[in-house]
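For reference, the chains in residue letters:
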Number of protein chains: 2
Amino acid sequence: MSFESKIEKFAELTVKTGLNIQKGQLLLINASVEHVPHVRKLVEAAYKAGAGEVIVNWGDPICGKMTMVNADEEALKRHPQWEFDKARDYQKRGCAAINILSSDPKLMEDVDSDRIGRIEKAHAEAMKGNEDIKNYTAKNEGQWVIISFPNPRWAKMVFPDCNEEEAMKKMWDDIFYMCRITDDNDPIAEWKKHTDKIIEHKKVLTEYQFKELRCKNSLGTDIVVGLVENHAWAGGAMTTTKGVPFIPNLPTEEVFCMPHNKKTNGKVFASKPLCISGKLVKDFWFEFKDGVVVDFGASENYDSLKNFLNTDEGAKHLGEIALISYDSPISNLGRIFYNGLIDENASCHMAVGTSFPYNIKNGTELSEDELKARGSNISMVHLDFMFGTRDMSIIGIDQNDKEVEVFRNGNFVF
Amino acid sequence: MSFESKIEKFAELTVKTGLNIQKGQLLLINASVEHVPHVRKLVEAAYKAGAGEVIVNWGDPICGKMTMVNADEEALKRHPQWEFDKARDYQKRGCAAINILSSDPKLMEDVDSDRIGRIEKAHAEAMKGNEDIKNYTAKNEGQWVIISFPNPRWAKMVFPDCNEEEAMKKMWDDIFYMCRITDDNDPIAEWKKHTDKIIEHKKVLTEYQFKELRCKNSLGTDIVVGLVENHAWAGGAMTTTKGVPFIPNLPTEEVFCMPHNKKTNGKVFASKPLCISGKLVKDFWFEFKDGVVVDFGASENYDSLKNFLNTDEGAKHLGEIALISYDSPISNLGRIFYNGLIDENASCHMAVGTSFPYNIKNGTELSEDELKARGSNISMVHLDFMFGTRDMSIIGIDQNDKEVEVFRNGNFVF
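As the structure is a computational prediction, the values presented were derived from the model and not from experiment.

**Some remarks on the overall build of chain A**
Piece 1. The number of helices and strands found in chain A is 14 helices and 20 strands.
Piece 2. Its C-alpha atoms give chain A a radius of gyration of 21 Å, within 12% of the compact-globule value 22 Å for 414 residues.
Piece 3. Judged by the C-alpha coordinates and their principal axes, chain A covers about 55 × 50 × 50 Å.
Piece 4. Looking at chain A as a whole, 59% of its 414 residues qualify as buried.
Piece 5. Across chain A, every contact between residues at least 6 apart in sequence was considered, and the portion connecting residues at least 24 apart equals 75%.
Piece 6. With an accessible surface of roughly 16700 Å², chain A has 48% of that area assigned to carbon and sulfur atoms.
Piece 7. Here chain A carries 51 positive and 63 negative side-chain charges, and the mean point of each set is 2 Å from the other.

Below, the structure is given as structure tokens:
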């Protein structure tokens, strides 16, 4: 099967299974100019599936970097009203969105972290009073899906011994494999089977209503993560507030839940490096006391981590804990992709930053104050980090204080 | 000299000589995703020359066509307020703009002209009451420059006997040649010399203050174009209302002036085909009576021409007449580029649609009503068409009704 045919399968899977685009719906695609032929396939698939209008918001990471280095800082901190009006106009039209991730972990390595931090903070400030924009996605008012396309710089980082062309080919092969697209299968049927399994897992976990999860491994992780009451494990398919099912990540392996923002205690060590504001942060750890980060460390790019944690108060609290068996297809590839959304599916992870309202039963109907009162963490940011290992053990404490083994040797017990 | 070095020369010429970007100024670049490496050179050159921020508005003609064919018509007719607010925000910041043309004359050939016409009409309607946005450029409130980059479809049309790669190479060679970029010259110095010559021509023509120009050739053109009083021929360099000189077209060979919108009579035949709304209109002609088109024809895509003329009342009147010697570098290439901005520099041309206020002395200080009272044509559109030929003769009638020979055998007499 030709590369082009696989891209077409991927596009159809994204639009139909991932997004479940509705007849006449507006679709936004956030894409890089480095993926023109592949984005065109998405647009084609979307119109074929009945989209009412497809708007592609193109960006270029290389021009973006030149701007980050050279432009007036005050210009980059501006957030004119029309930007918010634009987002609300699309949302009022009931838009769906495809976000294409293409990691570039070293892109910003030589850019002043303080400047990046100040600009990102200005963005976060500007969003205050405009939370409805972020909430459109956070509350699943419209369908959204994140997929990954490789770029040469990222490919060379994952496959440093290959030339650029080979590295790109291997990256595409890996992405097709993770997304369960093979020469002769029907990926849409494959994803139906796969998400049915995830849905079973989240059902079992939600029924347990664990008060807390105790996670330990040989990296040094020894942490108790308290969960909010009436939590709802999520994963695989989701449903918009209008009742449209969709799968927000392709690929996805995880089931995830909401930590209580005052009930995490102990130390967690990252099991993979992480790209923050374009810089690769390595061998990092957090120490929590009553839900808040009280200490942290990193062997490289400590400042990026520090700037991130200082974005707002919520950036120092957990917003998510996700469980993935160590024996997952992505994990079995045995690679570090330097991409949160792929790597997170290879391993158990947590996130500092904002939580997802749908991780509380009927949470999308609650106000921000009501969510906070339940222990939800609120932040302008959300950053996943991996902590799963081959020897991860996780014990759940149920409503009767009984210990239930959840993970043994990195994998689900049930 | 490598292709890359020539592109760098072109970028520097565009930013410094064409745009004359000012320290700290905001620059907008309207570009296609088909020109990523070349646009990056422009962004680099702009920051090097001191731009405060560079924003690239990327578009893709292929996705654009899919949308034009498939999207809901009502969605495409929308013009939400934020679009106008966005333009005004950039203009309030004193932006300059680079517009990259990349012709695609056959792109829309199989798309319903009526639908395109209705959508374009809705755009023109939406601009009513928002004329200040268009006037920012029309009145030269900020610098702007239009340059051309080839694309494979356009290249194959100009060089049908070459394969795509050869055709693209030849197109770039032609564009470098037209823009006076050679292996070992200093194109910035070259352009200084060239524009000095154009400036001399427009000074002489402006001093004559011709009442009308009588144009005749063997194609059948026999037309009298009345000019407005106190007109000012323009061409080569212009100056913004803030006093910044710039060159709005690279390449440019023309000097041009403002016809009176009630004083054109006779018939004019196009000497080259023209792309309108993505369709190639061939062998067309207009007949004017007292300034308005009373009859017209075309051998191909008559409907596109008709739709265009129906955009608004001003689309049926002349807004520009431009004189270019038949012995110009572009003309000497002897090719049809199917691109108004290149082809117009190979030959005398006129435009139906809006006129340029600066073609009246102090015209940029006049209101729209004052301009109309002087005979300026006002329209949402402006479409150049070529009428110059090797045997073009043009006679100017001066203030004392004396005949002055301006063009003989296609070339300037003085």
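Still more ground to cover, so stick around.
**Details of the sheet that holds strand β18 (residues 382-386) of chain B**
Residues and elements named next belong to chain B.
Piece 1. With antiparallel pairing, the five strands of this open sheet are ordered in space as β7-β10-β16-β17-β18. Every interior strand has two partners, whereas the edge strands, β7 (234-235) and β18, have only one.
Piece 2. Pairing between strand β17 (residues 349-353) and β18: five bridges, direction antiparallel. Across the sheet, residue A351 finds its bridge partner in β18, namely D384.
Piece 3. On the sheet, helix α10 (residues 187-208) packs against β7, β10 (255-257) and β16 (318-323) and is oriented at approximately 35 degrees with respect to β10.

**A short note on the packing of aromatic side chains**
For any pair of aromatic rings, geometry is given as the distance between the ring centres together with the angle between the planes.
Piece 1. As enumerated under the stated definition, the model contains 42 aromatic pairs over all chains in all.
Piece 2. When the ring of A:Y90 is compared with that of B:W82, the centres are 5.9 Å apart and the planes differ by 75 degrees; the resulting orientation is edge-to-face. In this pair, A:Y90 is assigned in helix α5 (residues 81-92) and B:W82 in helix α5 (residues 81-92), connecting two distinct chains.
Piece 3. Under the relative-accessibility criterion, A:Y90 is labelled buried at 8%.
Piece 4. Judged by centre distance (5.8 Å) and plane angle (50 degrees), the ring pair of B:F412 and B:F414 falls under tilted.
Piece 5. On the accessibility criterion, B:F412 (14% relative accessible area) is buried.
Piece 6. Its end group placed over the ring of A:W285, A:K267 keeps NZ or CZ at 4.3 Å from the ring centre.

**So, the pattern of salt bridges**
Piece 1. Per the counting criterion, the structure on display carries 58 salt bridges over all chains.
Piece 2. For A:R40, the salt bridge identified is with B:D60, shortest N-O distance 2.6 Å. On the criterion of chain membership, the pair formed by A:R40 in helix α2 (residues 36-48) and B:D60 in the loop between β2 (53-59) and α3 (61-70) is interchain, its members lying in two chains.
Piece 3. For B:D60, a relative accessible area of 9% puts it in the buried group.
Piece 4. Where A:D173 meets A:K169, a salt bridge forms, and the shortest distance between an N and an O atom there is 2.9 Å. Residue A:D173 and its partner A:K169 are both found in helix α9 (residues 164-178); the two are separated by four residues, about one turn of the helix.
Piece 5. The structure contains a network of salt bridges with shared partners spanning A:E34, A:D60, A:D104, A:R153 and B:R40.

**A closer look at the state of the cysteines**
Throughout this description, disulfide means a covalent bond between two cysteine sulfur atoms.
All names here are of chain A.
Piece 1. According to the stated counting rule, one finds zero disulfides over all chains in the structure shown.
Piece 2. There is no disulfide at C215, and the cysteine sulfur nearest it, in C348, is 7.4 Å away.
Piece 3. On the accessibility criterion, C215 (0% relative accessible area) is buried.

**Digging into the sheet that holds strand β21 (residues 411-412) of chain B**
Adjacent strands of a sheet pair through backbone hydrogen bonds, lying either parallel or antiparallel.
All names here are of chain B.
Piece 1. If you walk across this open sheet you meet the eight strands as β15-β14-β11-β6-β5-β19-β20-β21, and the pairing is antiparallel. The sheet terminates laterally at β15 (292-297) and β21, the two strands that pair on one side only.
Piece 2. As paired strands, strand β20 (residues 403-408) and β21 are joined by two bridges and run antiparallel to one another. The residue bridging R408 from the neighbouring strand is N411, located in β21.
Piece 3. Against the sheet, helix α11 (residues 302-309) contacts β14 (285-289) and β15, and its axis sits at roughly 170 degrees relative to β15.

**Digging into the relation of the copies chain B and chain A**
Piece 1. Of the transformation superimposing chain B on chain A, the axial component is 0.0 Å and the angular component is 180 degrees, with the fit at an RMSD of 0.0 Å. The symmetry that links the two subunits is that of a two-fold axis. For chain B, the smallest separation between a C-alpha atom and the rotation axis is recorded for B:W82, amounting to 2.5 Å.

**Side note on the side chain of B:N135**
Residue and element names in this part refer to chain B.
Piece 1. Residue position: N135 is located in helix α7 (residues 131-138).
Piece 2. Judged by relative accessible area, which is 18%, N135 ranks as buried.
Piece 3. Other than its neighbours up to four places away in sequence, N135 contacts N140 and E141.

**Here's the deal with a nonpolar patch on the surface**
Piece 1. A cluster of nonpolar side chains, contributed by A:Y208, A:V413 and A:F414, occupies part of the molecular surface with about 220 Å² of accessible area.
Piece 2. Of note, A:F414 is situated in the segment after β20 (411-412).

**Here's the deal with the nonpolar core**
Piece 1. Judged by nonpolar contacts, the single largest core of 126 residues is most densely connected at A:I29, A:W58, A:I98, B:I29, B:W58 and B:I98.
Piece 2. Beyond its immediate sequence surroundings of up to four residues, B:I98 is in contact with B:T14, B:V15, B:L19, B:L27, B:L28, B:I29, B:N30, B:L42, B:V145 and B:I147.

Parameters and conventions
- Residues numbered from 1 in each chain as written.
- Chains lettered and ligands numbered in written order.
- Predicted model: local features only at pLDDT ≥ 70, side-chain atom pairs only at ≥ 80, totals over all residues.
- Heavy atoms only, no water.
- Helix = DSSP H or I, 4+ residues; strand = E, 2+ residues; numbered from the N terminus.
- Rg over C-alpha atoms; globule rule 2.2 N^0.38 Å.
- Buried < 20%, exposed > 50% of the residue type's maximum accessible area, 1.4 Å probe, protein only.
- Contact = heavy atoms within 4.5 Å.
- Areas by Shrake-Rupley, 256 points an atom, 1.4 Å probe, with all protein chains shown as cover.
- Lys, Arg positive; Asp, Glu negative; His and termini not counted.
- Charge placed at Lys NZ, Arg CZ, Asp CG, Glu CD.
- Pairing = 2+ DSSP bridges.
- Axes fitted to C-alpha atoms, helices over the stretch in contact; angles between N-to-C directions.
- Phe/Tyr/Trp six-rings, centres within 6.5 Å; stacked < 30°, edge-to-face > 60°.
- Lys NZ or Arg CZ within 6 Å of the ring centre and 35° of its normal.
- Salt bridge = Lys/Arg side-chain N within 4 Å of Asp/Glu carboxyl O.
- Disulfide = S-S within 2.5 Å.
- Least-squares fit on C-alpha atoms with pLDDT ≥ 70 in both.
- Patch = residues over 30% accessible without salt bridge, like charges linked within 9 Å, V, L, I, M, F, W, Y side chains within 5 Å.
- Core = buried A, V, L, I, M, F, W, Y, C linked by side-chain atoms within 4.5 Å.

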